[in-house]
Amino acid sequence: MTTHEYDVAVVGAGTAGCYAAATAAREGLDVVVIERKTEQEAGHIACGDALKGADAFPDAIPKSQIEPSFTNTGVDHGRFEIPQHDTVLEIPIPGELAVIDRFDYGKRLIEGADRAGAEFHYDTVVQDVNQDDDGHVRGVRARRKGNPVEYRATVTVDAAGSLSLLQDKADFSAATFDTNVSYSQFCSAYREIVEVPEEVEWKDALVFKPTKRAAGYLWYFPRTGTEINAGLGFQMNEQPMKLVEDLRRDLRNRAEFADATVKDKLGAALPTRRPYDSAVAPGFVAAGDAAGHVNPTTGGGIAGAAYAGQYAAERAVRAVETGDPSEETLWKYNERVMDHFGTRYAGLDVYNVLSTAVDVDDLMGLLAALPGEKLAEALYSGSTQMSLLLKLQSAIKSFGYWRTIWTFYETKQLAEELMDHYGRYPDSPSALDGWQSERDELMDRIYETTGAEPKY
Ligand SMILES: Cc1cc2nc3c(=O)[nH]c(=O)nc-3n(C[C@H](O)[C@H](O)[C@H](O)COP(=O)(O)OP(=O)(O)OC[C@H]3O[C@@H](n4cnc5c(N)ncnc54)[C@H](O)[C@@H]3O)c2cc1C
(Lines give C-alpha, C1' and ligand atoms only; values in the text may rest on other atoms or scores of the structure.)
Protein backbone atom coordinates (compact mmCIF):
# COMPACT_ATOMS: atom_id res chain seq x y z
CA MET A 1 0.00 0.00 0.00
CA THR A 2 1.23 3.54 -0.81
CA THR A 3 1.42 5.85 2.20
CA HIS A 4 1.56 9.66 1.99
CA GLU A 5 2.28 12.10 4.81
CA TYR A 6 0.95 15.66 4.84
CA ASP A 7 0.28 18.38 7.37
CA VAL A 8 -3.28 18.68 6.11
CA ALA A 9 -5.34 16.19 4.10
CA VAL A 10 -8.41 17.77 2.52
CA VAL A 11 -11.08 15.41 1.22
CA GLY A 12 -13.04 16.91 -1.67
CA ALA A 13 -12.07 19.42 -4.38
CA GLY A 14 -15.27 21.48 -4.11
CA THR A 15 -15.56 25.04 -2.81
CA ALA A 16 -14.83 24.22 0.85
CA GLY A 17 -11.92 21.94 -0.04
CA CYS A 18 -10.27 24.38 -2.44
CA TYR A 19 -10.49 27.36 -0.06
CA ALA A 20 -9.21 25.22 2.82
CA ALA A 21 -6.32 23.90 0.73
CA ALA A 22 -5.39 27.33 -0.66
CA THR A 23 -5.45 28.91 2.82
CA ALA A 24 -3.24 26.22 4.41
CA ALA A 25 -0.86 26.01 1.44
CA ARG A 26 -0.36 29.79 1.46
CA GLU A 27 0.86 29.43 5.04
CA GLY A 28 3.54 27.02 3.82
CA LEU A 29 1.89 23.78 4.96
CA ASP A 30 2.07 20.51 2.98
CA VAL A 31 -1.47 20.05 1.74
CA VAL A 32 -3.11 17.35 -0.35
CA VAL A 33 -6.61 17.48 -1.81
CA ILE A 34 -8.06 14.02 -2.36
CA GLU A 35 -10.82 13.95 -4.99
CA ARG A 36 -12.78 10.94 -6.20
CA LYS A 37 -13.47 12.43 -9.64
CA THR A 38 -11.08 12.45 -12.54
CA GLU A 39 -9.06 15.59 -13.23
CA GLN A 40 -11.40 16.37 -16.16
CA GLU A 41 -14.61 15.94 -14.11
CA ALA A 42 -13.43 17.60 -10.88
CA GLY A 43 -15.33 20.85 -10.30
CA HIS A 44 -18.48 19.62 -12.05
CA ILE A 45 -21.00 20.10 -9.23
CA ALA A 46 -24.82 20.14 -9.20
CA CYS A 47 -25.82 23.71 -8.45
CA GLY A 48 -28.29 26.48 -9.23
CA ASP A 49 -25.25 28.63 -10.13
CA ALA A 50 -26.37 31.65 -8.11
CA LEU A 51 -23.44 33.12 -6.21
CA LYS A 52 -24.51 35.51 -3.45
CA GLY A 53 -22.00 37.80 -1.80
CA ALA A 54 -19.66 37.49 -4.75
CA ASP A 55 -18.11 40.86 -3.85
CA ALA A 56 -16.54 39.68 -0.61
CA PHE A 57 -15.18 36.18 -0.97
CA PRO A 58 -12.15 34.97 1.01
CA ASP A 59 -8.97 36.07 -0.71
CA ALA A 60 -7.03 32.78 -0.40
CA ILE A 61 -8.17 32.42 -4.02
CA PRO A 62 -8.17 35.97 -5.44
CA LYS A 63 -11.48 37.13 -6.83
CA SER A 64 -9.77 38.10 -10.09
CA GLN A 65 -9.06 34.39 -10.68
CA ILE A 66 -12.68 33.28 -10.36
CA GLU A 67 -14.42 36.34 -11.81
CA PRO A 68 -14.28 35.21 -15.47
CA SER A 69 -16.80 32.47 -14.56
CA PHE A 70 -19.38 35.11 -13.49
CA THR A 71 -21.47 34.98 -16.65
CA ASN A 72 -24.34 37.19 -15.48
CA THR A 73 -23.71 40.00 -13.01
CA GLY A 74 -26.80 41.97 -14.01
CA VAL A 75 -29.23 40.14 -11.70
CA ASP A 76 -30.69 42.48 -9.10
CA HIS A 77 -34.04 41.01 -8.03
CA GLY A 78 -36.01 37.89 -7.29
CA ARG A 79 -39.12 37.20 -9.33
CA PHE A 80 -41.61 35.08 -7.38
CA GLU A 81 -44.24 33.55 -9.59
CA ILE A 82 -47.43 32.59 -7.78
CA PRO A 83 -49.67 31.13 -10.51
CA GLN A 84 -52.44 30.08 -8.09
CA HIS A 85 -53.03 33.78 -7.40
CA ASP A 86 -52.03 35.05 -10.83
CA THR A 87 -49.34 37.13 -9.17
CA VAL A 88 -45.69 37.89 -9.83
CA LEU A 89 -43.80 39.47 -6.94
CA GLU A 90 -40.57 41.31 -7.73
CA ILE A 91 -38.29 41.71 -4.74
CA PRO A 92 -34.93 43.49 -4.94
CA ILE A 93 -31.91 41.45 -3.79
CA PRO A 94 -29.30 43.53 -1.95
CA GLY A 95 -25.56 42.86 -2.30
CA GLU A 96 -23.58 41.56 -5.24
CA LEU A 97 -25.05 38.56 -6.96
CA ALA A 98 -23.72 36.64 -9.93
CA VAL A 99 -25.02 33.69 -11.90
CA ILE A 100 -21.99 31.65 -12.85
CA ASP A 101 -20.75 28.94 -15.15
CA ARG A 102 -20.37 26.49 -12.27
CA PHE A 103 -18.03 24.03 -13.99
CA ASP A 104 -15.70 26.82 -15.05
CA TYR A 105 -15.88 28.27 -11.51
CA GLY A 106 -15.07 24.83 -10.05
CA LYS A 107 -12.04 24.48 -12.33
CA ARG A 108 -10.85 27.96 -11.41
CA LEU A 109 -11.05 27.16 -7.70
CA ILE A 110 -8.92 24.07 -8.24
CA GLU A 111 -6.44 26.11 -10.23
CA GLY A 112 -6.40 28.72 -7.42
CA ALA A 113 -5.61 26.11 -4.75
CA ASP A 114 -3.05 24.49 -7.04
CA ARG A 115 -1.32 27.85 -7.60
CA ALA A 116 -1.29 28.40 -3.83
CA GLY A 117 0.76 25.21 -3.53
CA ALA A 118 -1.73 22.41 -2.74
CA GLU A 119 -1.31 19.00 -4.39
CA PHE A 120 -4.28 17.31 -6.02
CA HIS A 121 -4.80 13.55 -6.11
CA TYR A 122 -7.66 12.74 -8.47
CA ASP A 123 -9.39 9.42 -9.08
CA THR A 124 -8.95 8.74 -5.39
CA VAL A 125 -12.00 7.67 -3.38
CA VAL A 126 -11.70 8.04 0.38
CA GLN A 127 -13.24 4.99 2.04
CA ASP A 128 -12.32 5.24 5.70
CA VAL A 129 -10.67 7.35 8.37
CA ASN A 130 -7.55 6.41 10.32
CA GLN A 131 -8.54 6.81 13.94
CA ASP A 132 -6.77 5.97 17.20
CA ASP A 133 -8.56 4.09 19.95
CA ASP A 134 -9.11 7.39 21.79
CA GLY A 135 -10.92 8.85 18.75
CA HIS A 136 -8.07 11.01 17.38
CA VAL A 137 -8.26 11.12 13.55
CA ARG A 138 -4.84 10.66 11.92
CA GLY A 139 -5.77 10.71 8.23
CA VAL A 140 -7.76 8.64 5.76
CA ARG A 141 -7.65 5.47 3.70
CA ALA A 142 -8.58 5.58 0.05
CA ARG A 143 -8.47 3.68 -3.23
CA ARG A 144 -6.89 5.05 -6.37
CA LYS A 145 -7.77 3.11 -9.51
CA GLY A 146 -8.42 0.05 -7.37
CA ASN A 147 -5.21 0.32 -5.33
CA PRO A 148 -5.22 1.11 -1.60
CA VAL A 149 -3.61 4.41 -0.55
CA GLU A 150 -3.12 5.75 2.94
CA TYR A 151 -2.85 9.41 3.91
CA ARG A 152 -1.40 10.37 7.29
CA ALA A 153 -2.06 13.96 8.31
CA THR A 154 -1.99 16.15 11.41
CA VAL A 155 -5.40 17.53 10.44
CA THR A 156 -7.99 15.99 8.14
CA VAL A 157 -10.48 18.42 6.59
CA ASP A 158 -13.76 16.81 5.60
CA ALA A 159 -14.93 18.84 2.60
CA ALA A 160 -16.56 15.84 0.92
CA GLY A 161 -19.97 17.47 0.55
CA SER A 162 -23.44 16.69 1.78
CA LEU A 163 -23.23 12.91 1.97
CA SER A 164 -19.74 12.73 3.44
CA LEU A 165 -18.73 9.14 3.99
CA LEU A 166 -16.04 10.13 6.48
CA GLN A 167 -18.59 10.93 9.17
CA ASP A 168 -20.20 7.50 8.76
CA LYS A 169 -16.85 5.84 9.24
CA ALA A 170 -15.49 7.89 12.16
CA ASP A 171 -16.44 7.25 15.77
CA PHE A 172 -17.22 10.63 17.33
CA SER A 173 -18.65 9.31 20.60
CA ALA A 174 -15.82 10.91 22.60
CA ALA A 175 -15.95 14.23 20.71
CA THR A 176 -18.30 17.21 20.47
CA PHE A 177 -18.71 16.64 16.71
CA ASP A 178 -22.40 16.90 15.75
CA THR A 179 -23.84 13.51 14.85
CA ASN A 180 -27.50 14.55 15.08
CA VAL A 181 -27.84 14.35 11.30
CA SER A 182 -30.62 12.60 9.39
CA TYR A 183 -31.90 12.50 5.82
CA SER A 184 -34.97 14.59 6.72
CA GLN A 185 -32.67 17.61 7.23
CA PHE A 186 -31.66 17.47 3.56
CA CYS A 187 -33.13 18.62 0.32
CA SER A 188 -33.03 16.57 -2.85
CA ALA A 189 -32.42 18.77 -5.90
CA TYR A 190 -31.95 18.46 -9.64
CA ARG A 191 -31.02 20.92 -12.35
CA GLU A 192 -30.62 21.16 -16.10
CA ILE A 193 -28.67 23.72 -18.12
CA VAL A 194 -31.05 24.71 -20.88
CA GLU A 195 -30.30 26.80 -23.95
CA VAL A 196 -33.08 28.85 -25.52
CA PRO A 197 -32.98 30.51 -28.97
CA GLU A 198 -34.26 33.94 -27.81
CA GLU A 199 -33.19 35.97 -24.80
CA VAL A 200 -35.57 35.55 -21.86
CA GLU A 201 -37.29 38.72 -20.63
CA TRP A 202 -36.15 38.10 -17.05
CA LYS A 203 -32.40 37.87 -17.55
CA ASP A 204 -31.94 40.34 -14.65
CA ALA A 205 -33.89 38.15 -12.18
CA LEU A 206 -33.70 34.93 -10.22
CA VAL A 207 -37.07 33.31 -10.91
CA PHE A 208 -38.69 31.22 -8.17
CA LYS A 209 -41.92 29.30 -8.30
CA PRO A 210 -43.43 27.16 -5.54
CA THR A 211 -44.00 23.49 -6.17
CA LYS A 212 -47.24 22.00 -4.92
CA ARG A 213 -45.70 21.54 -1.49
CA ALA A 214 -44.55 24.42 0.69
CA ALA A 215 -41.07 23.04 1.25
CA GLY A 216 -40.20 22.80 -2.46
CA TYR A 217 -39.56 25.23 -5.26
CA LEU A 218 -38.62 25.47 -8.89
CA TRP A 219 -36.01 27.94 -10.05
CA TYR A 220 -34.93 29.52 -13.32
CA PHE A 221 -31.58 31.29 -13.00
CA PRO A 222 -30.21 32.98 -16.14
CA ARG A 223 -26.50 32.27 -16.65
CA THR A 224 -26.94 34.50 -19.69
CA GLY A 225 -30.02 35.72 -21.54
CA THR A 226 -30.14 32.42 -23.44
CA GLU A 227 -28.54 29.90 -21.07
CA ILE A 228 -30.76 29.05 -18.11
CA ASN A 229 -30.13 26.92 -15.05
CA ALA A 230 -33.56 25.35 -14.45
CA GLY A 231 -34.05 23.18 -11.41
CA LEU A 232 -36.12 22.17 -8.45
CA GLY A 233 -35.80 20.65 -5.02
CA PHE A 234 -37.83 19.43 -2.08
CA GLN A 235 -37.18 18.86 1.62
CA MET A 236 -36.68 15.14 2.17
CA ASN A 237 -39.16 14.84 5.04
CA GLU A 238 -41.91 15.54 2.45
CA GLN A 239 -43.45 13.12 -0.05
CA PRO A 240 -40.75 12.57 -2.70
CA MET A 241 -41.18 14.46 -5.95
CA LYS A 242 -40.39 13.09 -9.39
CA LEU A 243 -37.79 15.77 -9.98
CA VAL A 244 -37.05 15.18 -13.66
CA GLU A 245 -40.71 14.77 -14.62
CA ASP A 246 -41.88 17.77 -12.58
CA LEU A 247 -39.20 20.00 -14.09
CA ARG A 248 -40.03 18.83 -17.63
CA ARG A 249 -43.73 19.54 -17.06
CA ASP A 250 -43.01 23.11 -16.00
CA LEU A 251 -40.57 23.66 -18.87
CA ARG A 252 -43.17 22.42 -21.37
CA ASN A 253 -45.68 24.95 -20.07
CA ARG A 254 -43.40 27.95 -20.52
CA ALA A 255 -43.34 29.58 -23.93
CA GLU A 256 -39.72 30.74 -23.57
CA PHE A 257 -38.54 27.10 -23.52
CA ALA A 258 -40.43 25.99 -26.67
CA ASP A 259 -37.30 25.23 -28.72
CA ALA A 260 -34.90 24.67 -25.87
CA THR A 261 -32.00 22.20 -25.81
CA VAL A 262 -30.68 20.59 -22.65
CA LYS A 263 -26.88 20.90 -22.35
CA ASP A 264 -26.23 19.28 -18.98
CA LYS A 265 -28.09 17.46 -16.19
CA LEU A 266 -27.08 16.85 -12.57
CA GLY A 267 -28.79 16.13 -9.27
CA ALA A 268 -27.62 15.92 -5.66
CA ALA A 269 -28.64 16.27 -2.02
CA LEU A 270 -27.89 19.39 -0.02
CA PRO A 271 -28.25 20.07 3.69
CA THR A 272 -31.09 22.48 4.50
CA ARG A 273 -30.55 22.48 8.24
CA ARG A 274 -28.81 24.48 10.93
CA PRO A 275 -24.99 24.39 10.94
CA TYR A 276 -23.41 21.59 12.95
CA ASP A 277 -23.28 22.46 16.65
CA SER A 278 -19.65 21.45 16.49
CA ALA A 279 -17.73 20.49 13.35
CA VAL A 280 -14.50 19.53 15.09
CA ALA A 281 -13.01 16.40 16.67
CA PRO A 282 -9.39 15.69 17.55
CA GLY A 283 -7.44 15.94 14.28
CA PHE A 284 -10.62 16.50 12.26
CA VAL A 285 -12.63 19.46 10.91
CA ALA A 286 -15.67 19.44 8.60
CA ALA A 287 -16.50 22.39 6.32
CA GLY A 288 -19.15 23.34 3.76
CA ASP A 289 -21.98 20.93 3.01
CA ALA A 290 -20.24 18.34 5.19
CA ALA A 291 -21.03 20.56 8.20
CA GLY A 292 -24.42 21.98 7.17
CA HIS A 293 -23.05 25.38 6.08
CA VAL A 294 -25.91 26.13 3.71
CA ASN A 295 -28.60 28.81 3.94
CA PRO A 296 -31.55 26.53 4.80
CA THR A 297 -34.14 28.77 3.14
CA THR A 298 -32.45 29.30 -0.23
CA GLY A 299 -30.11 26.29 -0.48
CA GLY A 300 -27.23 28.70 -1.17
CA GLY A 301 -24.07 26.99 0.07
CA ILE A 302 -21.17 28.30 -2.02
CA ALA A 303 -20.38 31.31 0.19
CA GLY A 304 -20.64 29.32 3.44
CA ALA A 305 -18.39 26.61 2.02
CA ALA A 306 -15.77 29.16 0.92
CA TYR A 307 -15.57 30.88 4.31
CA ALA A 308 -15.79 27.65 6.30
CA GLY A 309 -12.93 26.26 4.21
CA GLN A 310 -10.81 29.27 5.02
CA TYR A 311 -11.65 29.26 8.76
CA ALA A 312 -11.07 25.49 9.05
CA ALA A 313 -7.65 25.83 7.44
CA GLU A 314 -6.68 28.74 9.68
CA ARG A 315 -7.22 26.54 12.74
CA ALA A 316 -5.49 23.62 11.03
CA VAL A 317 -2.45 25.88 10.55
CA ARG A 318 -2.52 26.71 14.25
CA ALA A 319 -2.80 23.00 15.12
CA VAL A 320 0.19 22.12 12.94
CA GLU A 321 2.27 25.04 14.26
CA THR A 322 1.62 24.13 17.91
CA GLY A 323 1.65 20.38 17.32
CA ASP A 324 -1.72 20.23 19.08
CA PRO A 325 -4.67 19.28 16.84
CA SER A 326 -6.97 18.80 19.85
CA GLU A 327 -10.63 19.80 19.93
CA GLU A 328 -9.67 22.77 22.12
CA THR A 329 -7.27 24.10 19.47
CA LEU A 330 -9.75 23.58 16.64
CA TRP A 331 -12.72 24.95 18.62
CA LYS A 332 -12.18 28.56 17.50
CA TYR A 333 -13.28 27.37 14.07
CA ASN A 334 -16.79 26.65 15.41
CA GLU A 335 -16.90 30.09 17.02
CA ARG A 336 -15.78 31.78 13.82
CA VAL A 337 -18.44 30.01 11.74
CA MET A 338 -21.23 30.82 14.22
CA ASP A 339 -20.10 34.40 14.43
CA HIS A 340 -19.92 35.00 10.68
CA PHE A 341 -22.92 33.15 9.23
CA GLY A 342 -23.87 30.16 11.46
CA THR A 343 -26.08 32.21 13.76
CA ARG A 344 -27.97 33.69 10.82
CA TYR A 345 -28.41 30.27 9.18
CA ALA A 346 -29.67 28.80 12.47
CA GLY A 347 -32.24 31.63 12.60
CA LEU A 348 -33.26 31.00 8.98
CA ASP A 349 -33.62 27.30 9.75
CA VAL A 350 -36.63 28.24 11.88
CA TYR A 351 -38.39 29.33 8.64
CA ASN A 352 -37.42 26.06 7.00
CA VAL A 353 -39.08 24.30 9.97
CA LEU A 354 -42.13 26.54 9.58
CA SER A 355 -42.35 25.87 5.83
CA THR A 356 -42.82 22.14 6.48
CA ALA A 357 -45.91 22.88 8.62
CA VAL A 358 -47.61 25.75 6.81
CA ASP A 359 -50.26 25.19 4.15
CA VAL A 360 -48.79 26.07 0.73
CA ASP A 361 -51.99 27.78 -0.49
CA ASP A 362 -52.12 29.92 2.63
CA LEU A 363 -48.50 30.88 2.23
CA MET A 364 -48.89 31.80 -1.44
CA GLY A 365 -52.11 33.68 -0.78
CA LEU A 366 -50.40 35.67 1.91
CA LEU A 367 -47.37 36.45 -0.25
CA ALA A 368 -49.62 37.51 -3.11
CA ALA A 369 -51.47 39.86 -0.74
CA LEU A 370 -48.35 41.71 0.35
CA PRO A 371 -46.86 44.63 -1.61
CA GLY A 372 -43.50 43.45 -3.02
CA GLU A 373 -41.37 46.52 -2.30
CA LYS A 374 -42.62 46.86 1.23
CA LEU A 375 -42.10 43.17 1.77
CA ALA A 376 -38.49 43.54 0.65
CA GLU A 377 -38.06 46.46 3.05
CA ALA A 378 -39.37 44.34 5.92
CA LEU A 379 -37.21 41.39 4.87
CA TYR A 380 -33.92 43.23 4.52
CA SER A 381 -34.19 46.03 7.08
CA GLY A 382 -33.39 43.50 9.79
CA SER A 383 -36.20 44.95 11.84
CA THR A 384 -39.06 43.00 13.36
CA GLN A 385 -41.31 46.02 12.91
CA MET A 386 -43.28 46.31 9.71
CA SER A 387 -43.75 49.88 8.56
CA LEU A 388 -47.19 51.34 9.27
CA LEU A 389 -47.94 51.52 5.54
CA LEU A 390 -47.12 47.84 5.08
CA LYS A 391 -49.24 47.00 8.09
CA LEU A 392 -52.25 48.88 6.75
CA GLN A 393 -51.94 47.64 3.16
CA SER A 394 -51.39 44.11 4.35
CA ALA A 395 -54.19 44.19 6.87
CA ILE A 396 -56.71 45.12 4.18
CA LYS A 397 -55.48 42.77 1.47
CA SER A 398 -54.51 39.87 3.67
CA PHE A 399 -57.81 39.47 5.50
CA GLY A 400 -58.32 35.70 5.67
CA TYR A 401 -54.62 35.03 6.29
CA TRP A 402 -54.42 36.59 9.71
CA ARG A 403 -53.90 33.29 11.50
CA THR A 404 -50.93 32.56 9.22
CA ILE A 405 -49.59 36.08 9.78
CA TRP A 406 -49.84 35.62 13.53
CA THR A 407 -47.97 32.29 13.36
CA PHE A 408 -45.29 34.03 11.25
CA TYR A 409 -45.05 36.83 13.75
CA GLU A 410 -44.66 34.49 16.72
CA THR A 411 -42.16 32.37 14.78
CA LYS A 412 -40.08 35.45 13.93
CA GLN A 413 -39.89 36.38 17.62
CA LEU A 414 -38.67 32.88 18.43
CA ALA A 415 -36.17 32.92 15.57
CA GLU A 416 -34.70 36.10 17.03
CA GLU A 417 -34.53 34.54 20.49
CA LEU A 418 -32.73 31.59 18.94
CA MET A 419 -30.25 33.88 17.19
CA ASP A 420 -29.57 35.66 20.49
CA HIS A 421 -28.80 32.27 21.96
CA TYR A 422 -26.42 31.45 19.09
CA GLY A 423 -24.79 34.81 19.83
CA ARG A 424 -23.79 33.22 23.14
CA TYR A 425 -22.15 30.20 21.48
CA PRO A 426 -19.67 28.76 24.00
CA ASP A 427 -15.96 29.57 23.86
CA SER A 428 -14.87 26.06 24.88
CA PRO A 429 -16.00 22.50 24.15
CA SER A 430 -16.79 21.87 27.83
CA ALA A 431 -19.67 24.41 27.76
CA LEU A 432 -21.37 22.92 24.69
CA ASP A 433 -23.76 20.57 26.56
CA GLY A 434 -25.36 23.35 28.60
CA TRP A 435 -25.69 25.60 25.55
CA GLN A 436 -27.31 22.78 23.57
CA SER A 437 -29.87 22.05 26.34
CA GLU A 438 -31.04 25.66 26.36
CA ARG A 439 -31.16 25.71 22.55
CA ASP A 440 -33.20 22.51 22.47
CA GLU A 441 -35.75 24.04 24.86
CA LEU A 442 -36.11 26.94 22.44
CA MET A 443 -36.53 24.51 19.55
CA ASP A 444 -39.35 22.76 21.44
CA ARG A 445 -41.18 26.10 21.63
CA ILE A 446 -40.59 26.58 17.89
CA TYR A 447 -42.10 23.17 17.05
CA GLU A 448 -45.07 23.95 19.30
CA THR A 449 -45.71 27.37 17.71
CA THR A 450 -45.26 26.25 14.11
CA GLY A 451 -46.93 22.84 14.53
CA ALA A 452 -43.96 21.27 12.71
CA GLU A 453 -42.55 17.81 13.40
CA PRO A 454 -39.25 18.01 15.32
CA LYS A 455 -36.43 18.27 12.80
CA TYR A 456 -33.56 17.36 15.17
C1 LIG B 1 -29.16 21.17 -7.33
C2 LIG B 1 -28.43 22.10 -6.40
C3 LIG B 1 -28.55 23.47 -6.58
C4 LIG B 1 -27.81 24.35 -5.77
N5 LIG B 1 -27.86 25.69 -6.02
C6 LIG B 1 -27.06 26.54 -5.36
C7 LIG B 1 -26.98 27.92 -5.72
O8 LIG B 1 -27.63 28.39 -6.68
N9 LIG B 1 -26.15 28.74 -5.02
C10 LIG B 1 -25.39 28.27 -3.98
O11 LIG B 1 -24.65 29.06 -3.36
N12 LIG B 1 -25.44 26.96 -3.62
C13 LIG B 1 -26.24 26.08 -4.29
N14 LIG B 1 -26.26 24.75 -3.95
C15 LIG B 1 -25.43 24.29 -2.84
C16 LIG B 1 -23.96 24.28 -3.22
O17 LIG B 1 -23.78 23.61 -4.45
C18 LIG B 1 -23.16 23.56 -2.12
O19 LIG B 1 -23.52 24.10 -0.88
C20 LIG B 1 -21.66 23.72 -2.34
O21 LIG B 1 -21.27 23.15 -3.56
C22 LIG B 1 -20.93 23.03 -1.19
O23 LIG B 1 -19.56 22.96 -1.46
P24 LIG B 1 -18.69 21.85 -0.74
O25 LIG B 1 -17.29 22.15 -1.12
O26 LIG B 1 -19.02 21.76 0.69
O27 LIG B 1 -19.15 20.45 -1.37
P28 LIG B 1 -19.15 19.97 -2.89
O29 LIG B 1 -19.14 21.11 -3.82
O30 LIG B 1 -20.24 18.96 -3.00
O31 LIG B 1 -17.74 19.23 -3.05
C32 LIG B 1 -17.49 17.98 -2.48
C33 LIG B 1 -16.38 17.29 -3.26
O34 LIG B 1 -15.98 16.12 -2.53
C35 LIG B 1 -15.80 15.05 -3.44
N36 LIG B 1 -15.99 13.80 -2.67
C37 LIG B 1 -17.13 13.38 -2.07
N38 LIG B 1 -16.93 12.20 -1.45
C39 LIG B 1 -15.63 11.87 -1.66
C40 LIG B 1 -14.83 10.77 -1.29
N41 LIG B 1 -15.32 9.77 -0.55
N42 LIG B 1 -13.53 10.74 -1.69
C43 LIG B 1 -13.00 11.76 -2.42
N44 LIG B 1 -13.73 12.83 -2.82
C45 LIG B 1 -15.01 12.90 -2.44
C46 LIG B 1 -16.87 15.29 -4.49
O47 LIG B 1 -16.58 14.60 -5.69
C48 LIG B 1 -16.81 16.80 -4.63
O49 LIG B 1 -15.86 17.21 -5.60
C50 LIG B 1 -27.00 23.84 -4.71
C51 LIG B 1 -26.91 22.46 -4.52
C52 LIG B 1 -27.61 21.59 -5.34
C53 LIG B 1 -27.49 20.10 -5.12
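All figures in this text were calculated on a predicted structure; none of them were measured in a lab. (Residues numbered from 1 in each chain as written. Predicted model: local features only at pLDDT ≥ 70, side-chain atom pairs only at ≥ 80, totals over all residues. Heavy atoms only, no water.)

Asks: Give a detailed account of the sheet that holds strand β5 (residues 77-82), specifying residues and quantitative values.
Replies: What the 7 strands build is an open sheet, ordered β6-β5-β13-β14-β15-β12-β16; its pairing is mixed. If you trace the sheet from one side to the other, it starts and ends with β6 (87-92) and β16 (261-271), each paired once. In this sheet, adjacent strand axes meet at a mean angle of 20 degrees when their direction is disregarded. The pairing of strand β12 (residues 186-195) with β16 spans 10 bridges and is antiparallel. Residue pairing in the sheet places E192 in a bridge with K265 of β16. Contacting β12, β13 (205-210), β14 (216-222), β15 (227-235) and β16, helix α5 (residues 243-252) runs over the sheet at an angle of about 45 degrees to β12. (Pairing = 2+ DSSP bridges. Helix = DSSP H or I, 4+ residues; strand = E, 2+ residues; numbered from the N terminus. Axes fitted to C-alpha atoms, helices over the stretch in contact; angles between N-to-C directions. Contact = heavy atoms within 4.5 Å.)

Asks: Any details on the site of the ligand? Residues and values, ideally.
Replies: Around the ligand, the structure places 36 residues, and the nearest of them are A16, E35, G48, A50 and D289. Take E35: an N or O atom from its side chain is 2.6 Å from an oxygen atom of the ligand. Here an oxygen atom of the ligand and a side-chain polar atom of R36 are 3.1 Å apart. Considered on its own, the ligand offers 1000 Å² of accessible surface; in the complex 93% of this is hidden by protein. Listing elements by their share of the shell around the ligand, those giving two or more residues are α1 (15-26), β9 (124-131), β14, β16 and α6 (302-322). The greatest single-element share of the shell around the ligand, amounting to 3 residues, is contributed by β9. The residue makeup of the shell around the ligand, split by class, is 20 nonpolar, 10 polar and 6 charged. (Near = heavy atom within 4 Å. Polar contact = N/O pair within 3.5 Å; in protein donor to acceptor, adjacent residues only side chain to side chain. Areas by Shrake-Rupley, 256 points an atom, 1.4 Å probe, with all protein chains shown as cover. Nonpolar A, V, L, I, M, F, W, Y, C, P; charged D, E, K, R; others polar.)

Asks: Lay out a negative patch on the surface with the relevant residues and their values.
Replies: Together, E438, E441, D444 and E448 give the surface a local cluster of negative charge. Within the fold, D444 resides in helix α12 (residues 432-450). (Patch = residues over 30% accessible without salt bridge, like charges linked within 9 Å, V, L, I, M, F, W, Y side chains within 5 Å. Salt bridge = Lys/Arg side-chain N within 4 Å of Asp/Glu carboxyl O. Lys, Arg positive; Asp, Glu negative; His and termini not counted. Charge placed at Lys NZ, Arg CZ, Asp CG, Glu CD.)

Asks: Hey, could you go over the sheet that holds strand β3 (residues 50-52) for me, with residue numbers and the actual values?
Replies: Strand order in the open sheet formed by 3 strands is β3-β7-β4, and the pairing between neighbours is antiparallel. Every other strand in the sheet has two partners, leaving β3 and β4 (70-72) as the edge strands with one partner each. Going across the sheet, the axis of each strand differs from the next one's by a mean of 55 degrees, ignoring polarity. Of the pairings in the sheet, the one linking β3 to strand β7 (residues 97-100) comprises 3 bridges and is antiparallel in character. Paired with L51 across the bridge in β7 is A98.

Asks: Summarise the nonpolar core; cite the residues concerned and give the values.
Replies: Judged by nonpolar contacts, the single largest core of 96 residues is most densely connected at Y19, V31, Y105, F120 and Y333. Among the elements that line this core, the one with the most residues is α6, at 11 residues. With residues near it in sequence (within four places) discarded, V31 still touches Y6, V8, V10, A21, A24, A25, A118 and E119. Ranked by size, the runner-up nonpolar core spans 18 residues in total, among them V196, W202, V207 and F234. (Core = buried A, V, L, I, M, F, W, Y, C linked by side-chain atoms within 4.5 Å. Buried < 20%, exposed > 50% of the residue type's maximum accessible area, 1.4 Å probe, protein only.)

Asks: With reference to specific residues and values, describe the packing of aromatic side chains.
Replies: Under the counting rule described, the total for this entry stands at 19 aromatic pairs. Relative to F208, the ring of F80 lies with its centre 5.1 Å away and its plane at 15 degrees, an arrangement referred to as stacked. One end of the pair, F80, is in strand β5; the other, F208, is in strand β13, and 128 residues separate them in sequence. Ring geometry for Y220 versus F257: centroids 5.3 Å apart, planes at 35 degrees, classification tilted. Here F257 lies in the loop between α5 and β16 and Y220 lies in strand β14, a separation of 37 residues in the sequence. Comparing Y220 with F257, the two get one shared label, buried. Put simply, the rings of F80, F208, Y217, W219 and F221 pair up and form one aromatic cluster. (Phe/Tyr/Trp six-rings, centres within 6.5 Å; stacked < 30°, edge-to-face > 60°.)

Asks: Go over the pairing of strand β2 (residues 31-34), please, and point to the residues and values.
Replies: Where burial is concerned, the two faces of β2 agree: the one with V31 and V33 and the one with V32 and I34 are both buried. Across 4 bridges, the pairing between strand β1 (residues 2-11) and β2 is parallel. Counterpart to V11 in the pairing with β2 is I34. A crossover links β1 with its parallel partner β2, the connecting element being α1, and its sense is right-handed. Bridge count between β2 and strand β8 (residues 119-121): 3 bridges; the pairing is parallel. Directly across from I34, in β8, lies its bridge partner H121. (Right-handed = clockwise from strand over helix to strand, strands pointing away.)

Asks: Break down the packing of α1 against helix α3 (residues 102-116) for me, citing the residues and quoting the values.
Replies: Direction vectors running N to C along α1 and α3 enclose 20 degrees, while the axes themselves pass 8 Å from each other. Relative to α3, α1 is oriented roughly parallel. The crossing of α1 and α3 is left-handed. Touching T15, C18, Y19, A21, A22, A25 and R26 of α1 are R102, Y105, L109, I110, A113 and A116, all from α3. The residue inventory of the contact of α1 with α3, partitioned by class, reads 10 nonpolar, 1 polar and 2 charged. (Parallel < 35°, antiparallel > 145°, perpendicular 65-115°, else oblique. Left-handed = near helix turned anticlockwise from the far one by under 90°.)

Asks: Give me unusual backbone geometry: which residues, what numbers.
Replies: Even without a glycine there, the phi angle at D49 is positive, about 75 degrees. Here D49 lies in the loop between β2 and β3. For D123, which is not a glycine, the phi torsion comes out positive at approximately 55 degrees. Assignment of secondary structure puts D123 in the loop between β8 and β9.

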